[in-house]
Each structure stands twice: as C-alpha cells, then as structure tokens.
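As a plain string of letters, each chain reads:
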2 protein chains.
Amino acid sequence: MTTAKRDTYTPETLLSVAVQVFIERGYDGTSMEHLAKAAGISKSSIYHHVTGKEELLRRAVSRALDGLFGILDEEHARVGRAVERLEYVVRRMVEVLTSELPYVTLLLRVRGNTDAERWALERRRDFDHRVADLLKAAAADGDVRGDVEVRLATRLVFGMINSIVEWYRPDGRGVGEREVTDAVAQLVFSGLRNQAQ
Amino acid sequence: MTTAKRDTYTPETLLSVAVQVFIERGYDGTSMEHLAKAAGISKSSIYHHVTGKEELLRRAVSRALDGLFGILDEEHARVGRAVERLEYVVRRMVEVLTSELPYVTLLLRVRGNTDAERWALERRRDFDHRVADLLKAAAADGDVRGDVEVRLATRLVFGMINSIVEWYRPDGRGVGEREVTDAVAQLVFSGLRNQAQ
DNA sequence: CCTTGTCCCGACCGATCGTTCGGTTACTCT
DNA sequence: AGAGTAACCGAACGATCGGTCGGGACAAGG
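Each chain carries its own residue numbering, running from 1 in the direction its sequence is written. The order in which chains are written sets their letters, starting at A; the order in which ligands are written sets their numbers, starting at 1. Only residues with pLDDT of 70 or above have their local features reported here, since the model is predicted, and side-chain atom pairs are shown and tallied only from 80 upward, although totals for entire chains, interfaces and linings are computed over all residues. Only heavy atoms go into the side-chain values, all of them from the structure, while hydrogens and water stay out.

By nearness alone, 18 residues border DNA strand D, and A:Ser42, A:Ser44, A:His49, B:Met32 and B:Lys43 come closest of all. Think of it this way: one heavy atom of a residue within 4 Å of a molecule or strand is enough to make that residue near it. Among all atoms of DNA strand D positioned within 4 Å of the protein, those belonging to sugar or phosphate total 56%. Within the backbone of B:Met32, a nitrogen or oxygen atom sits 2.7 Å from a phosphate oxygen of DNA strand D. A helix here means a DSSP run of H or I that spans at least four residues, while a strand means a run of E at least two residues long, and both kinds are numbered starting from the N terminus. Breaking the surface near DNA strand D down by element, the ones donating at least two residues are α3 (43-49) of chain A together with α3 (43-49) of chain B. If one sorts the elements of the surface near DNA strand D by residue count, α3(A) sits on top with five residues. Here the surface near DNA strand D is built from residues that sort into four nonpolar, ten polar and four charged. Whenever two N or O atoms come within 3.5 Å, that pair is a polar contact, provided that in protein one can donate a hydrogen and the other can accept it, and provided that, for residues adjacent in sequence, both atoms are side-chain atoms. Only Asp, Glu, Lys and Arg are considered charged, only Ala, Val, Leu, Ile, Met, Phe, Trp, Tyr, Cys and Pro nonpolar, and every remaining residue, Gly among them, polar.

The following block contains the structure:
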C-alpha cells in the first residue's frame, strides 16, 4: 500500500485549518502568520502546499458553491410541482449549510475585493436566481401567497436560511440539523403557502 | 450667527464617507489611504478630525446600536400584549435598519478583532436577548406557535430582518421601506402566529 | 499689522503585510 | 548506504499598513 500514514499537511487539511481562522478573524484580518501559528508550521511552509492566501479562499468558496449547485441537480429539485421542489431545495440548502458550515460561512462573507471573491459573488447570484425562478413558478401555480412580491420574498427567505451560519454549531448538542431544517421549513412555508389554497 | 457655511469636514461628515468605504471593502480591507482618496483629503488630514481608524468604526456601530436600543424605549414596545409589542419591535427594526442602513450594515459585519468590535458584539447580544424575551413572553401567552423552539425562532427571524442590509438600497425606486416592513411582518407572523389562536 | 486657531499637507516612522529564497531535515525507494 | 524528494524552516524582500510630525495656507479678531 502507499503511504499508510500521513501526519503532514495536504492542501485539503491545511484548508480546513485556514478556513477556521478566516471565519474567526475575517479573510482580510487574517495574516499568513496567523495561519502559520494555527497550523503549527512556519509561514513559508504554507507555500509548499498552496500558491498563496487567495488560493485558500478560492478552494473554500468553491467547495461551498459546489455543494449548493449540487442541490439543483438532484431529482427532487428537478421533477414535480414547483412548490414541492422549492420546499425540497430549501430543506437541502439548510442541510448543505450545516454540513459544509465553515465553507458556506466564508462564501456568504465574501465582499468582492479580489478576483476570486468577485467570481464567487457571481456564482452565488446565479444560484440565487435559480431558486428565485423556482419560487416564481410556484407563485404562477398559485401555491404561494400573492400579496408579497416574489423577488422580495426570495431575498427574505434566503436571508433567513443564510443567517444560520451565524449561530449554528454542529459539535455542541444545542440544536440538531434536523431540528433546524424543520423549523426553517415551518416558518418559511407557513408564512409563504397560500392558506386558502 | 456662528460659521454660517461649512465646506470642510466634521467628524460626522467624514464618518459618512468612511462608512461607505468600510461597507464596500470591509473594515480590515480598507486602508487610511483608501479613506483619504474617497474623502478627497490627505491621509494625515483625517487625523485632524478623528483619533484614528478605530474611532470611525466605533462611531458607526454606536449610531446603529443607539437606533436599535431606542426602539425598546418607545411606548408601543413597553406596554400592551407581548405579541403586539413584538410585532411593533419587528416593524421598527426594519425601519431603523433601512433609515440607518450603512451604520447597521457595518454593525452586523463586526467580527470582534478589536476592543471596539468586541464591545459592539456585546451590546448586540444584549439587544437580541431583549427581543428574545419578548418572543418568550408571547409564547407564554400562547400567541405564537409552540412547535418551534423560541430560541431557534428568534434567531431565524433576526436572520431574516438583518439580511435586509444585504440588498436594500434606499435611492433606487426598487422597493420602498414600507413595502419591506409589511413583507417582513407578513412572513414572520403568518409563520409564527398561532393559527388556532 | 500681528496673533490665534482651523484645516490641511508631504514626508516619514516602525511594524506588518504576502511572498520568495536558499538551505536543512527526514522519510522512501533502490 | 546512497539518491531522490516531500516537508519544512529562518531570513529577508519590496510594498503597504496605521499613525506621527512640523509646517503652510487662510480666515477671523484685535
């Protein structure tokens, strides 16, 4: 077998350390010295694994975006009544948010100062539009209330879901992933769904 | 009369410029040179009006926090049935968010790297707890649904409201403040309020 | 006229930024 | 044992960071 044990860093393991620090201090507020200290290696050693600071950010947001876009390819997001596909996507978004928590957290805080950040913002907008179209279709079906504008509702629902990264912590037995998913679905759809149906 | 005209900077007018740049580039991503360029004066001139970069941040988040805490002192937030006080606070939060948009935006992005930031985070937590208590009281009255945990619901509602700063722009005639306020109230309370009452 | 104070500037400070480089350890394979 | 290489290090790079300093322009008040 090849290399049974590995107590050295790979780009992936280094990334998981870096992302933690990025979240705590902010990307711009994190120096390579901070990363080195957190990883337990010297500053220059980091460059043996990655080309620089920005690559770490790029890898992180890529992972988050892949997880989110992956939802749209799943069967329940593609076939069926629009309002039910929407509910499926909303529930899966919460699951991806919690399972890929640090990476999504970083994605949601990107401001667009560098090329990597601007690319991430663009892909994020794409995803938002895809979900907004789903809500629009559900509205056309008459399955969601009509007295709140679709674009506005989309943004508010996204806001609620995305805010999960601000407080959800998977380790402690505070609230489970399932509990959060259910709560979001209840709040969103008991507010959105047309009661008169 | 004293000093009829003023085409020079005051700490307040300088702050409004600085806050814009802070929002666009992030606080850590903004250098004093960036601020100087945006204000049209030299870097060293900024220090004639404020003691430094951190004071600008402190002034900004203070203004946001004053606006939010001011809500809790208003009459409709102090007297009446808990669920109605809660709705009033929610609506007023949206109004303060939109009217003090740049300052609240900055407040919500604070991470806690400096003393000023940690102080802001602490006061923010205080405010959150005050509103959470209101929701708890409404739950005790039986006015909000019981199948979603109060703490969880508070966080999700806060998430929805706070996310407004990510897209609301007062200048363009996209969506008006009143429209946003109504939409939030509808979504939140048609989801939260106990239908069986 | 001269002072006083506000407002601003260019030049510069030590510190820290992300990154590079030459070299050393330590493990793998033959 | 010896060669090759992955992993790492300390020292240093130019650039930029937040902040300081001494002084100039200009208006108000005497």
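Each copy superposes on the other: chain A lies on chain B with an RMSD of 0.1 Å after a rotation of 180° and an axial shift of 0.0 Å. In the structure described here, the two chain copies are related by an operation that fits a two-fold rotation axis. Contact between two residues is taken to exist if any of their heavy atoms lie within 4.5 Å; hydrogens are not considered. Mapped onto chain B, 100% of the interface residues of chain A again fall at the interface, so both copies present the same surface. Superposing copies: least-squares fit, C-alpha atoms only, residues required to have pLDDT of at least 70 in both.

The criterion for an aromatic pair is that two Phe, Tyr or Trp rings (for Trp, the six-membered ring) have centres within 6.5 Å, with stacked assigned to planes under 30 degrees apart, edge-to-face to planes over 60 apart and tilted to the rest. Scanning the entire structure with this criterion turns up eight aromatic pairs over all chains. On the basis of an interplanar angle of 85° and a centroid distance of 6.3 Å, the ring pair of B:Phe127 and B:Phe158 is categorised as edge-to-face. With B:Phe127 in helix α7 (residues 115-140) and B:Phe158 in helix α8 (residues 150-162), this residue pair connects regions lying 31 residues apart in the sequence. When sorted by exposure, B:Phe127 lands in the same class as B:Phe158, which is buried. Put simply, the rings of A:Phe69, A:Phe127 and A:Phe158 pair up and form one aromatic cluster. The residue whose ring lies beneath A:Lys53 is A:Tyr27, and the NZ or CZ to ring-centre distance is 4.6 Å. Three exposure classes are used, based on accessible area relative to the maximum for each residue type with a 1.4 Å probe and protein chains only: buried under 20%, partly exposed in between, and exposed over 50%. Working rule: Lys NZ or Arg CZ, within 6 Å of ring centre, within 35 degrees of ring normal, means a charge sits over the ring.

Turning next to the protein's contact with DNA strand C. Neighbouring DNA strand C are 16 residues; A:Met32, A:Lys53, B:Ser42, B:Ser44 and B:His49 lie closest to it. Considering DNA strand C, the proportion of its atoms within 4 Å of the protein that are sugar or phosphate atoms stands at 60%. Contact between DNA strand C and A:Tyr47: a phosphate oxygen at 3.0 Å from a side-chain N or O atom of the residue. Contact distances for DNA strand C include 2.4 Å between a phosphate oxygen and a backbone N or O atom of B:Ser42. Every element with two or more residues in the surface near DNA strand C is listed here: α3 of chain A together with α3 of chain B. Take the surface near DNA strand C: its biggest share by element is four residues, from α3(B).

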